[in-house]
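Notes for the structure review
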Amino acid sequence: IEAAIEKNDMKWILWPAGFRDKNFDAAKLAEKYGKCKPLIAWMPVDEPELYAKPEEVVKCIAAMHAADKYHPIIANNTAMAIPARFAGLTNDVLSIDDYLTNRPNRKVGDILEQVAQMARVGAESGKPCFMFLVGNNLHNHDREPTADEQVSQSYGTIISGASGIYYFLGQPAGRKHWKVYK
C-alpha cells in the first residue's frame, strides 16, 4: 500500500485498526512506517469513548508519542467526546467523524454545528481540528451525499473552524459526486 500511496502522491494517516489488539506495538509501527514519506500522522484510536477506558487511551497516545516524535497523533472521536474532553484530549489533533448519511433526514448544518463545537475546544486547547466527512460509506449507510451536500459540507467545515478535512472510505458512486470529490 505504501508504494501505491507514493506513486499517486497521496498523504497517509495511518490507523493501525485498534490499539486494544493484543498485538498493538507502537514502537514496531513507528519502526516500520515512521520514515514513509507519505505518512503525515498516526491515528491509533478511533472512537475510543465507545469501548475504552480513558486511561487506556492516554497510555496508547503516550506510547505513540514516545515511539515517533515527528508525526502528530490524532484521536478520532464521536461528537460526544470532544466537549467532554475524553481521556484529557492528550492527542495532538482533534477529530470527529459523524456522518451526514448515517441517519435519515440529516442536514449539512448538523455536521457543521459539531465542527464549530470541536473548533471551540481546539481553540481553548491550542489544537487543530480535523473532520472526517463521508465520501462513500454505502456498506454502512443507505446513501452517499449528493454532490451539492459534498461541496457544502466540505467548504462549510473549513468555514466553521476545522483546520483540515479527510473523507471516509470509498470512491463516490455518483458521477457528479465524484467530480466534486476530486
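The sections below set out a description of the structure shown in this document. In this text, all values refer to a predicted model and were calculated from it rather than measured experimentally.

Quick look at the overall build of the protein chain now. On a plain count of helices and strands, the protein chain comes out with seven helices and six strands. In sequence order, the secondary structure elements of the protein chain are arranged as α-β-α-β-α-β-α-β-α-β-α-β-α. The C-alpha radius of gyration computed for the protein chain amounts to 16 Å, which stays within 12% of the reference 16 Å derived for 182 residues, consistent with globular compactness. Taken over the C-alpha atoms alone, the protein chain extends approximately 45 × 40 × 25 Å along its principal axes. In the protein chain, buried positions account for 47% of the 182 residues. Considering only residue pairs separated by 6 or more positions, the protein chain has 69% of its internal contacts joining residues 24 or more positions apart. Roughly 10100 Å² of accessible area belongs to the protein chain as shown, and the carbon and sulfur atoms make up 54% of that amount.

As a further point, take unusual backbone geometry. We note that R85 has phi near 55 degrees; this positive angle belongs to a residue other than glycine. The topology assignment puts R85 in the loop between α4 (81–84) and β4 (93–96). Of the residues examined, R85 reaches a relative accessible area of 35% and is grouped as partly exposed. One non-glycine residue, N105, adopts positive backbone phi at about 65 degrees. Here N105 shows up in the loop between β4 and α5 (108–125).

With seven of its eight residues buried, strand β5 (residues 129–136) lies for the most part within the structure. As paired elements, β4 and β5 share three bridges and run parallel to each other. For S95, the partnering residue across the bridge sits in β5 and is F130. As for the winding sense of the linkage, the β-α-β connection from β4 through α5 to β5 is right-handed.

Let us now look at a nonpolar patch on the surface. On the surface, V151, Y155, I159 and V180 cluster together to form a nonpolar patch covering roughly 420 Å² of accessible area. With three residues, helix α6 (residues 147–159) is the largest single contributor of residues to the nonpolar patch. Residue V180 is classed as partly exposed on the basis of its relative accessible area, which comes to 37%.

Along helix α2 (residues 26–33), the residues classified as buried are A26, L29, A30 and Y33. What you see down the axis of α2 is that its buried residues fit within an arc of 95 degrees, all on one side. Exposed residues on α2 whose side chains face more than 90 degrees from its buried face are K28, E31 and K32. If you follow the buried residues of α2, they end up packed against α1 (2–7), β1 (12–14), β2 (39–46) and α3 (54–67).

So, on to the packing of aromatic side chains. Counted by the stated rule, this structure contains three aromatic pairs. Ring geometry for W12 versus Y33: centroids 5.4 Å apart, planes at 80 degrees, classification edge-to-face. Linking W12 in strand β1 with Y33 in helix α2, this pair joins segments that are 21 residues apart in sequence. Note on accessibility: W12 and Y33 belong to one class, buried. Grouping aromatic residues by their ring pairs yields a cluster made of F130, F132 and Y166.

Definitions and cut-offs
- Residues numbered from 1 in each chain as written.
- Predicted model: local features only at pLDDT ≥ 70, side-chain atom pairs only at ≥ 80, totals over all residues.
- Heavy atoms only, no water.
- Helix = DSSP H or I, 4+ residues; strand = E, 2+ residues; numbered from the N terminus.
- Rg over C-alpha atoms; globule rule 2.2 N^0.38 Å.
- Buried < 20%, exposed > 50% of the residue type's maximum accessible area, 1.4 Å probe, protein only.
- Contact = heavy atoms within 4.5 Å.
- Areas by Shrake-Rupley, 256 points an atom, 1.4 Å probe, with all protein chains shown as cover.
- Pairing = 2+ DSSP bridges.
- Right-handed = clockwise from strand over helix to strand, strands pointing away.
- Patch = residues over 30% accessible without salt bridge, like charges linked within 9 Å, V, L, I, M, F, W, Y side chains within 5 Å.
- Salt bridge = Lys/Arg side-chain N within 4 Å of Asp/Glu carboxyl O.
- Arc of directions from axis to C-beta.
- Phe/Tyr/Trp six-rings, centres within 6.5 Å; stacked < 30°, edge-to-face > 60°.

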